[in-house]
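Descriptive structure summary
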Amino acid sequence: LAKTTQPISMDSYEGQEVNITCSHNNIATNDYITWYQQFPSQGPRFIIQGYKTKVTNEVASLFIPADRKSSTLSLPRVSLSDTAVYYCLVGEEGGGNKLTFGTGTQLKVEL
Amino acid sequence: EPEVTQTPSHQVTQMGQEVILRCVPISNHLYFYWYRQILGQKVEFLVSFYNNEISEKSEIFDDQFSVERPDGSNFTLKIRSTKLEDSAMYFCASSERSGGRSETQYFGPGTRLLVL
């Protein structure tokens, strides 16, 4: 199980791009990188997943360098409603059922 | 968009009482999960369930806990004799295919359980 390290907190302002980097030095060949978002008193919500290079969807982009030892979640033009905890998870496809959450990154967006 | 639903949203109980938390997973999903989050702490895995059997459970999921899919739609978590430390937010989740970590799990809004 690859250990992940991400900043405990980040602050931003509305309209800015936010990049949250996650380190996963021990990532295995079969591991995928997945990001979840959690608002206060709500369940985690899937944002994006990738294996290598770049993935983009309507919510975010995920950048993964060639060595895959880190990944960066990019949120374009954040708003107040993006204030949440963001979790980086690393694990193997079919390797197990459970999701293992760390402490995540608390993103606070202000006006 | 289909979603996982949970009832009740809040539950207050006395220590030693039994509680049943209910979940309705997304209809075509085959894998079901319970997680919990104590206030201010991490989301913790409790149990996964597939084909009417427990697939995996954590150390937290001891004999006081049980899960059941009593019909084609509901998925329940029972705590037989609640303890103060069971106070937490309980999340149900479901996924469509294999429960591998790359498979998206959809979470419900949670049930906040308070044990007095």
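First things first, this report covers the structure right here in the doc. (Residues numbered from 1 in each chain as written. Chains lettered and ligands numbered in written order. Predicted model: local features only at pLDDT ≥ 70, side-chain atom pairs only at ≥ 80, totals over all residues. Heavy atoms only, no water.)

Okay, the layout of surface pockets next. Here the largest pocket is characterised by a volume of approximately 530 Å³. Within the residue set of the lining of the largest pocket, elements represented by two or more residues are β3 (31–38) and β4 (45–50) of chain A together with β10 (106–107) of chain B. The element best represented in the lining of the largest pocket is β4(A), accounting for three residues. Class assignment of the residues belonging to the lining of the largest pocket gives a composition of 11 nonpolar, eight polar and four charged. Roughly 430 Å³ of internal volume is contained in the second largest pocket. Broken down by secondary-structure element, the contributors of at least two residues to the lining of the second largest pocket are β8 (84–92) of chain A together with β9 (88–95) of chain B. It is β8(A) that provides the largest number of residues to the lining of the second largest pocket, a total of three residues. Of the residues belonging to the lining of the second largest pocket, the class tally is 10 nonpolar, 11 polar and two charged. (1 Å grid on protein atoms, 1.4 Å probe; cavity = no way out; pocket = protein on both sides within 12 Å on 5 of 7 lines; lining within 4 Å. Points joined across faces, edges and corners; volume = space filled by probe spheres on them. Helix = DSSP H or I, 4+ residues; strand = E, 2+ residues; numbered from the N terminus. Nonpolar A, V, L, I, M, F, W, Y, C, P; charged D, E, K, R; others polar.)

Before going further, it helps to examine the nonpolar core. With 22 residues, the main nonpolar core has B:Trp34, B:Leu46, B:Phe61, B:Val67, B:Phe75, B:Leu77 and B:Tyr90 as its most contacted residues. Ignoring anything within four residues of it in the chain, the contact list for B:Val67 reads B:Trp34, B:Val47, B:Phe49, B:Ile54, B:Phe61, B:Phe75, B:Thr76 and B:Leu77. Counting 20 residues, the second largest nonpolar core, distinct from the first, contains A:Val18, A:Leu75, A:Cys88 and A:Val90. (Core = buried A, V, L, I, M, F, W, Y, C linked by side-chain atoms within 4.5 Å. Buried < 20%, exposed > 50% of the residue type's maximum accessible area, 1.4 Å probe, protein only. Contact = heavy atoms within 4.5 Å.)

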